[in-house]
Amino acid sequence: MIYLDYSATTPVGFEVLDTYNRTSKDFFGNPNSLHELGVKTKNLMNSATKQIAEIFNILDSEITYTNGATESNNLALIGCALEYHKKGKHIITSKLEHPSIYAICDYLESMGFEISYVKNDEEGLVDFEDLKSLIRPDTILVSICAVNSETGVRQPLKMIRQIIKKENPETIFHSDMTQAVGKVSVNFHDVDMATFTGHKIYGPKGIGVLYKNSSVNIKPILYGSGKSNMLNPGTPPVPLIVALSKAVRLATTDIEKRERFIERLNNKVVDAISKYEGVMINKTKYSIPHILNISLRNIKGETFLHALEDYEVYVSSNTACSSGNLSTSVLAIYNDRVRASSTLRISLSHLTTTDEINKFIEYFDQIYKKLSGLHG
Amino acid sequence: MEKIILIKYGELSTKKDNINFFLTKLRDNILVALKDMNVNVSYDLGRMFIRTDADIDEVIKRVTNVFGIHEINVGYIIESNNINEIAPYVLELLKDREFKTFKVESKRSNKKIEFTSIELSKMMGAEILKNIPDIKVQVNNPDILINIEYRKDNSLVYFEKIKGLGGYPVGTLGKGLLMLSGGIDSPVAGYMTIKRGVKIEAIYFESPPHTSIEAKNKVIKLARKLAKYNNDIILHVVNFTEIQEEIYKNIPHEYLITIMRRMMYRVSAIIAGRRKAKILINGESIGQVASQTLTSMAAINEVVRIPVIRPLACFDKLDIIDIAKKIDTYETSILPFEDCCTIFVPKHPVINPDKVKCLEYEKLIPYEEMIYKAVKGHEIIKIEEKEKKEFEDLL
């Protein structure tokens, strides 16, 4: 099997799984219990949280655990809307977001909020002038992802923050960092709230984080009992939390070295497949190397995906979350419906080997030759 | 030119015959604070020099928590005491600093130099004015004070001063035993005693199952905060359940606290004696609660002969809280866990306990036996500033 779909999800790391298993077995106590087993479990959970906080240079209390990026995004956007709806009902987001952001925005729109979509330039970067002009006194929230999941375009969050805060210091800045954390170095202090999830960084599925700066208040969207965090009631999933902490530590170690290695693999693929007449590389100078998006002229992305599947090679067409439709991100950047209608996303990891890339290039050639004659 | 850290002693320098004892102790304490770094610490009677290839900011951060230091400077040693050779280095050092006004202060411990200190300052000042535009000399409150010392074989340049904590090097004045509860006051009392050069150990009374493991963890956490100043700290945990239950069952409730405190003092005095601690320390403050009226203090204190130091005796609560915040114990102290002093609290504790009655009531319980048992079985925990990563294998 050649797995090239690491941006959809990653295999859980062996050591991470080991941590999960041992914690489940040895620390099954409820961290809210007063007895020794509960206290021990709570201490372990707190140590795990502290480790994550130290890695990202934030406070322990600024971390809320969720069941994943979608829940984190819901808590961030809806929690913010509930808290500040009396102050304003205007929210800004970009055209390069994860579908979950659009689904939440549609819901908020139905509840009477107004959503603006900031433009981006041909390199995929948020248009600063447009952003500036969109921010109003009643803009309560801006949500812009750190790295676009389809094309890998990375946004300059620090500059975006400066623009937002200059126009309206009260506006809260949230960023979905799901595709950035563990791939490139991020700074949570560039934003007020940030989303990330475990299963994209070789952690377990079912655990995510919402970072919320201590100076920002939001309302919970779930109610229940729980002492650890009012935004996250209920019994904390300690084995998932501890495993996530381990995954974060492993994924952020040697992050630059890994990035350079992946960059080499990325260039190798681009060099090999850009020679085909029907292949367009959807890569701008702001794309991170872990995500390589291409468009196929005259071949359906899904057809190509299934043809690769015969060789046990796994990639995405558009993204796993929005398969079947136009690629909204490619459309937003290139404004070309044909280009956006048939895309493949090849996502790479430090686990990817050069041998796997060579084979992928070879299979790509065979399939391309076979399929390009059939259409068009 | 070599970058070094310069340590000035302050109050210490008034010690005459035994100053070397104080200085070697200070050096030891600095080395403990920097134990995981590659450093060289040398000294003379005037000050100490730290040479290191480690991160200077981190060294300074740690050294500012060492008692016995009046002032810390980042200095530069230049291998010359000729003003013309030194000037280019000084200009180089000034390049990255922003200032509009300055003052040069010179000292010459090398009296062979032909100019006086004032002349040296003037000459260096002129050189600086000539080379850096738009600045002027200002004697009072300059933006930057340029200190230059002309020494025997070299000279020393430094600028900003960082204030140290003062006090005496920990351990130079012997050992004390701190009665550490989980409250706000006792850690502050410990800190103030450490500051005067006393190395402390701490004693904590637990009453399981009336007090929880969380209460004990909280005290360990507080002890760890003090360990930062004390190099490390030994915590004696005494099981007080039997004594406390016996008191509750047999002694009139208005005297519960008085008798309980008397027992704590007795236990503490025995452990202090065994550990060669010369004093007991606690966080009592006159009038704060019923057991801290003067009559109460006298009735409680009479059971021991070891001196009891109460650094907070005359402090207002708000001032104590300020220090607790400064030394970062406050947030831990206010965590809500029951401790020995908050369980079994009588509705109306006696404010003016009678010593004779105390003795009479105490006859109702076999306290000597129970104290012997409690001291014999007590737990000793060594606590270091850096928390051992408990779950390292999982994380």
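Residues numbered from 1 in each chain as written. Chains lettered and ligands numbered in written order. Predicted model: local features only at pLDDT ≥ 70, side-chain atom pairs only at ≥ 80, totals over all residues. Heavy atoms only, no water.

Concerning the interface of chain B and chain A
Here comes step 1: The partner chain A presents 17 residues to the 8 residues of chain B that form the contact.
Here comes step 2: The largest per-residue losses of area from chain B upon contact with chain A belong to B:Phe391, B:Leu394 and B:Leu395, which jointly make up 61% of the total buried on that side.
Here comes step 3: Among the salt bridges present, the one from A:Lys42 reaches B:Glu214, with a minimum N-O distance of 3.2 Å.
Here comes step 4: There are 5 residue pairs in polar contact (both at pLDDT 80 or more) connecting chain B and chain A. (Contact = heavy atoms within 4.5 Å. Buried area = accessible area lost by both parts, 1.4 Å probe. Salt bridge = Lys/Arg side-chain N within 4 Å of Asp/Glu carboxyl O. Polar contact = N/O pair within 3.5 Å; in protein donor to acceptor, adjacent residues only side chain to side chain.)

A few points about the domain arrangement of chain A
All names here are of chain A.
Here comes step 1: What the domain assignment reports for chain A is domain 1 (2–9 + 254–372) and domain 2 (14–252).
Here comes step 2: The C-alpha-based centres of domain 1 and domain 2 are spaced at 28 Å.
Here comes step 3: Each partner contributes residues to the interface: domain 1 has 32 residues there, and domain 2 has 29 residues.
Here comes step 4: Between domain 1 and domain 2, a total of about 2,600 Å² is buried, with carbon and sulfur atoms accounting for 54% of that surface.
Here comes step 5: Of all residues in domain 1, Ile255, Tyr286 and Ile333 give up the largest surface area on contact with domain 2, accounting jointly for 24% of the area buried on that side.
Here comes step 6: Counting every contact that joins domain 1 to domain 2 gives 0 salt bridges. (Domains from an automatic or database assignment.)

Some points on the environment of B:Leu280
Residues and elements named next belong to chain B.
Here comes step 1: Tracing the sequence through the fold places Leu280 in strand β12 (residues 279–281).
Here comes step 2: The class for Leu280 is buried, based on a relative accessible area of 0%.
Here comes step 3: Through-space distance from the C-alpha of Leu280 to that of Gly176 is 5.8 Å; in sequence the pair is 104 residues apart. (Helix = DSSP H or I, 4+ residues; strand = E, 2+ residues; numbered from the N terminus. Buried < 20%, exposed > 50% of the residue type's maximum accessible area, 1.4 Å probe, protein only.)

Topic: the packing of aromatic side chains
Here comes step 1: One pass over the structure, following the stated rule, counts 23 aromatic pairs over all chains.
Here comes step 2: Judged by centre distance (6.4 Å) and plane angle (50°), the ring pair of A:Tyr6 and A:Tyr202 falls under tilted. Of the two residues, A:Tyr6 is situated in the loop between β1 (2–3) and α1 (14–26) and A:Tyr202 in the loop between β7 (193–197) and β8 (208–212); the sequence distance between them amounts to 196 residues.
Here comes step 3: Consider the rings of A:Phe27 and B:Phe391, whose centres lie 5.7 Å apart with planes at 85°: the pair is edge-to-face. Here A:Phe27, found in the loop between α1 and α2 (36–56), pairs with B:Phe391, found in the segment after β14 (379–384), and the two come from separate chains.
Here comes step 4: Site record: aromatic cluster; members linked through ring pairs are A:Tyr276, A:Phe304, A:Phe360, A:Phe364 and A:Tyr368.
Here comes step 5: The residue whose ring lies beneath A:Lys89 is A:Phe113, and the NZ or CZ to ring-centre distance is 5.4 Å. (Phe/Tyr/Trp six-rings, centres within 6.5 Å; stacked < 30°, edge-to-face > 60°. Lys NZ or Arg CZ within 6 Å of the ring centre and 35° of its normal.)

Brief notes about the sheet that holds strand β12 (residues 316–317) of chain A
Residue and element names in this part refer to chain A.
Here comes step 1: Judged by pairing direction, the sheet is antiparallel, and its 4 strands sit side by side in the order β9-β10-β13-β12 without closing on themselves. Single-partner strands in this sheet number two, and they are β9 (279–281) and β12.
Here comes step 2: Where β12 meets strand β13 (residues 343–347), 2 bridges bridge the pair, whose relative direction is antiparallel. Bridge pairing links Ser317 to Leu344 in β13. (Pairing = 2+ DSSP bridges.)

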